[in-house]
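Letter by letter, the chains look like this.
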Amino acid sequence: RRSSQKKYELLERLFISELELAVFSAAEEDSIVALQKQMAEKYMSHTQFAKSDISPLMDVMMHNVVTGKSVGHYRYVWGEVMSADLFHVFQQGGLSNKDHIQTKGRQFRSAFLDLGSTENNDFATRFHEFRGRTMSSQTMLDMYGLSKISNTTK
């Protein structure tokens, strides 16, 4: 039961965070209601929103008005996604494989820690160089047993 609740909470957080990012980065011709529907189909297929229910959009807007920050939900959720995706590199070679851990640890240090925040502060580029691909939410979804969700996140 607790595991199911955690999965639901994760899906809801991913839904709201991706909806928030989509709303604030959408082209003018994109309907925010259509964006909500698209994100709901991806993450919240078990919850049907009425066509007139824009409460998730209102939550996003109110959060941003209250905090004065746009994409607030997005930052935290994607921080978790990045962490899971980066940690997976270490898991792939086996956490008890000392050589693998040291090699990946050196690569991680070189890609992220040695550069600090002053040089090449483009995290997406650093991530791609370290991981060999763009960031994916699939690893985090797999950790929660939600592998059936298609990975179409950026």
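Thresholds applied
Residues numbered from 1 in each chain as written. Predicted model: local features only at pLDDT ≥ 70, side-chain atom pairs only at ≥ 80, totals over all residues. Heavy atoms only, no water. Helix = DSSP H or I, 4+ residues; strand = E, 2+ residues; numbered from the N terminus. Buried < 20%, exposed > 50% of the residue type's maximum accessible area, 1.4 Å probe, protein only. Contact = heavy atoms within 4.5 Å. Areas by Shrake-Rupley, 256 points an atom, 1.4 Å probe, with all protein chains shown as cover. Salt bridge = Lys/Arg side-chain N within 4 Å of Asp/Glu carboxyl O.

Peer 1: What should I look at first to understand the overall build of the protein chain in this one?
Peer 2: For the protein chain, the helix and strand inventory stands at seven helices and zero strands. In the protein chain, buried positions account for 31% of the 154 residues. Taking all contacts inside the protein chain whose residues are at least 6 apart in sequence as the whole, residues at least 24 apart take part in 60%. Carbon and sulfur atoms provide 53% of the accessible area of the protein chain, an area that totals close to 9700 Å².

Peer 1: Help me understand the pattern of salt bridges, please; the structure alone is not making it clear to me.
Peer 2: Pairs can form between side chains of opposite charge whenever their charged atoms are close. Under the criterion given, the structure shown has five salt bridges. One salt bridge connects Lys-37 with Glu-41, and the closest N-O pair in it is separated by 3.5 Å. Of this pair, Lys-37 and Glu-41 are both found in helix α2 (residues 32-43), four residues apart, which corresponds to roughly one turn of the helix. When sorted by exposure, Lys-37 lands in the same class as Glu-41, which is exposed. With a closest N to O distance of 3.1 Å, Arg-131 and Asp-85 form a salt bridge. With Arg-131 in helix α6 (residues 123-131) and Asp-85 in helix α4 (residues 72-92), the pair connects residues that are 46 residues apart, well separated along the chain. Neither Arg-131 nor Asp-85 differs from the other in exposure class; each is buried. If you follow the salt bridges from partner to partner, you end up with Asp-85, Arg-131 and Arg-133 in one network.

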